[in-house]
Amino acid sequence: MDQERNFRTHYYEKVGFRAVEEKKSIEILLKDQPIKREKLIQFCLRYGVPAMYRIYIWKLILGILPLNQSIQDYVWQHRQEHVRELERAATLLVPESNAFSLEQKILGLKLIDEGCLPLNKTFLVTDSSDSKFVSIVQATSSFVSSDVDLFWISTKFYKHSQELFVSNLVQYPDDIIQCLKKEDVKLYQHLSHHQLMKSLPIMEWLSTCYANVLPENALERIWDRVIGGSSAVLIYVAVSIFLILRRPLLALQSASHMVNYLSKIPEDCGDRIVNETLELLHKYAVQFPVQSESPSSDSGRKVLKHCA
């Protein structure tokens, strides 16, 4: 019976039935008045977000839009005007800012908004936090269609991600190594022999939530979980990258060649990396209930240590 059920579930997912169910479920959640943020968070962690609702759900969870739908238009108008005021301030303070790249412009607006514009009045990246933010802006720009969306999602996501895992970040490289050792001893020994972790910009990967590392279609699905509050997912993304790219990594015989290879992860590996990540996340960090249930259900999952 279990095999029959698993086959049927796999078949339904393959032909897209699960996507239809998730779309209907998120629409049910969005009919609540006011919308329940905790239910959206649970949905993000368990299922990810249907593409057509992704930006809207991100805005709700990140606090860009209020949960009361009756005032969302009003609040969004103020959000738009706030960005326009920042743009006018940027033009007055640094007239040459119109010639800056989009990422530099958004960084400039963020610095003005925070009252942190450098005395020399340039928007050039001056420290590692600016560099991380610019990477997130670059990645976010592929998800949104307006500068206003880009500013708010980039700034709110950056703040959310830094608050989420800043105290645990230094431990994550060791967690990655230990998880890889459990999953594939041969690959672990090969990477350890060539000291890949010392050469790989792993802290940059983690601190930017894999912005400009993963293909776009994979990155947005990982960010669903980060926005939902899972910091552990970042550990398993790195392990999954190694596992999915196992064969070419084993064929390479120097850390520099491996780093160069990993600097551009093939587009067609994106879905496989995400699927492997979610399997590891469920295996090591999250315990779901055995029974089948709708994503809009109140019953949830048990979140263990690494999902905090």
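None of these values were measured; they are calculated from a predicted model.

### Considerations on the overall build of the protein chain
Helix and strand counts for the protein chain come out as 17 helices and 2 strands. Looking at the protein chain as a whole, 48% of its 308 residues qualify as buried. Intrachain contacts of the protein chain at a sequence separation of at least 6 include 69% that bridge at least 24 residues. Accessible surface, the protein chain as shown: approximately 15,900 Å² in total, 52% of it carbon and sulfur.

### Concerning helix H4 (residues 54-61)
Burial of H4 is extensive: 7 of the 8 residues sit out of reach of the surface. All buried positions along H4 are accounted for by Arg 54, Ile 55, Ile 57, Trp 58, Lys 59, Leu 60 and Ile 61. With its phi angle positive at about 85°, Gly 63 sits one or two positions after the end of H4.

### Comments concerning the environment of Ser 230
Mapped onto the elements of the fold, Ser 230 is located in the loop between helix H13 (216-227) and helix H14 (232-244). With a relative accessible area of 1%, Ser 230 lands in the buried category. Sequence separation between Ser 230 and Cys 44 is 186 residues, and the spatial gap between their C-alpha atoms is 9.6 Å. Here the side chain of Ser 230 touches Val 233 through a polar contact of 3.3 Å, landing on its backbone nitrogen.

### Digging into the pattern of salt bridges
Using the criterion set out here, one finds 11 salt bridges in the structure. The salt bridge partner of Glu 81 is Arg 88, with a shortest N-O separation of 2.6 Å. Across the pair Arg 246 and Asp 184 runs a salt bridge whose closest N-O atoms are separated by 2.4 Å. Residue Arg 246 is located in helix H15 (residues 246-251), and its partner Asp 184 is located in the loop between helix H9 (172-183) and helix H10 (185-193); the two are separated by 62 residues in the primary sequence. Owing to a relative accessible area of 30%, Arg 246 belongs among the partly exposed residues under this scheme. For Asp 184, a relative accessible area of 12% corresponds to the buried category. Residues joined in a network through salt bridges with shared partners are Arg 54, Glu 220 and Asp 224.

### Details of the UniProt feature "transmembrane region" (unreviewed entry) in the protein chain
The UniProt record annotates "transmembrane region" (unreviewed entry) at residues 226-245. Secondary structure content for residues 226-245 is 75% helix and 0% strand, while the C-alpha to C-alpha distance between its ends is 23 Å.

### Description of the packing of helix H5 (residues 72-93) against helix H8 (residues 147-165)
In the contact formed by H5 and H8, the axes pass within 10 Å of each other and the chain directions differ by 95°. When the axis of H5 is compared with that of H8, the two are roughly perpendicular. Across from Trp 76, Arg 79, Gln 80, His 82, Val 83, Arg 84 and Leu 86 in H5, the residues of H8 making contact are Val 148, Asp 149, Phe 151 and Trp 152. When its residues are assigned to classes, the contact of H5 with H8 shows 6 nonpolar, 2 polar and 3 charged.

### As for unusual backbone geometry
For the bond from Gln 33 to Pro 34, the omega torsion is -5°, close enough to zero to count as cis. One can find Pro 34 in the loop between helix H2 (17-29) and helix H3 (37-47). Of note, Gln 195 is a non-glycine position whose phi angle comes to about 50°, a positive value. Secondary-structure assignment places Gln 195 in the loop between H10 and helix H11 (196-199). Residue Gln 195 is classed as partly exposed on the basis of its relative accessible area, which comes to 45%. Even without glycine at this site, Asn 212 takes up a positive phi of about 65°. Considering the arrangement of structural elements, one finds Asn 212 in the loop between helix H12 (202-207) and H13. With relative accessibility at 42%, the residue Asn 212 sits in the partly exposed group.

What counts as what
Counting restarts for each chain, with residues numbered from 1 along the sequence as it is written. Per-residue local features are limited, in this predicted model, to residues with pLDDT of at least 70; the limit for side-chain atom pairs, both in listing and counting, is 80 or more; totals at the level of whole chains, interfaces and linings are taken over all residues. The basis for every side-chain value is the complete set of non-hydrogen atoms in the structure, without hydrogens or water. A run of DSSP states H or I qualifies as a helix once it reaches four residues; a run of E qualifies as a strand once it reaches two. Both are numbered from the N-terminal end. Any residue under 20% of the maximum accessible area for its type is buried, any over 50% is exposed, and the rest in between are partly exposed; the area is computed with a 1.4 Å probe on protein chains only. Only heavy atoms matter for contacts: two residues are in contact if any of them lie within 4.5 Å across the pair. All accessibility values rest on the Shrake-Rupley procedure with a 1.4 Å probe; residue burial counts only the protein chains present in the view. Residues adjacent in sequence count toward polar contacts only when both atoms are side-chain atoms; beyond that, a polar contact is any pair of N or O atoms within 3.5 Å, and within protein one must be able to donate a hydrogen and the other to accept it. In what follows, salt bridge is the name for a side-chain nitrogen of Lys or Arg lying within 4 Å of a carboxyl oxygen of Asp or Glu. UniProt positions are given in the numbering used here, feature names are shortened, and annotations may be inferred rather than shown by experiment. For helices, the fitted line uses only the C-alpha atoms of the stretch in contact; every axis is such a line through C-alpha atoms, and the angle between N-to-C directions lies from 0 to 180 degrees. Here the word oblique covers every angle except those under 35 degrees (roughly parallel), over 145 (roughly antiparallel) and from 65 to 115 (roughly perpendicular). Each residue receives one of three labels: charged for Asp, Glu, Lys and Arg, nonpolar for Ala, Val, Leu, Ile, Met, Phe, Trp, Tyr, Cys and Pro, and polar for the others, Gly being one of them.

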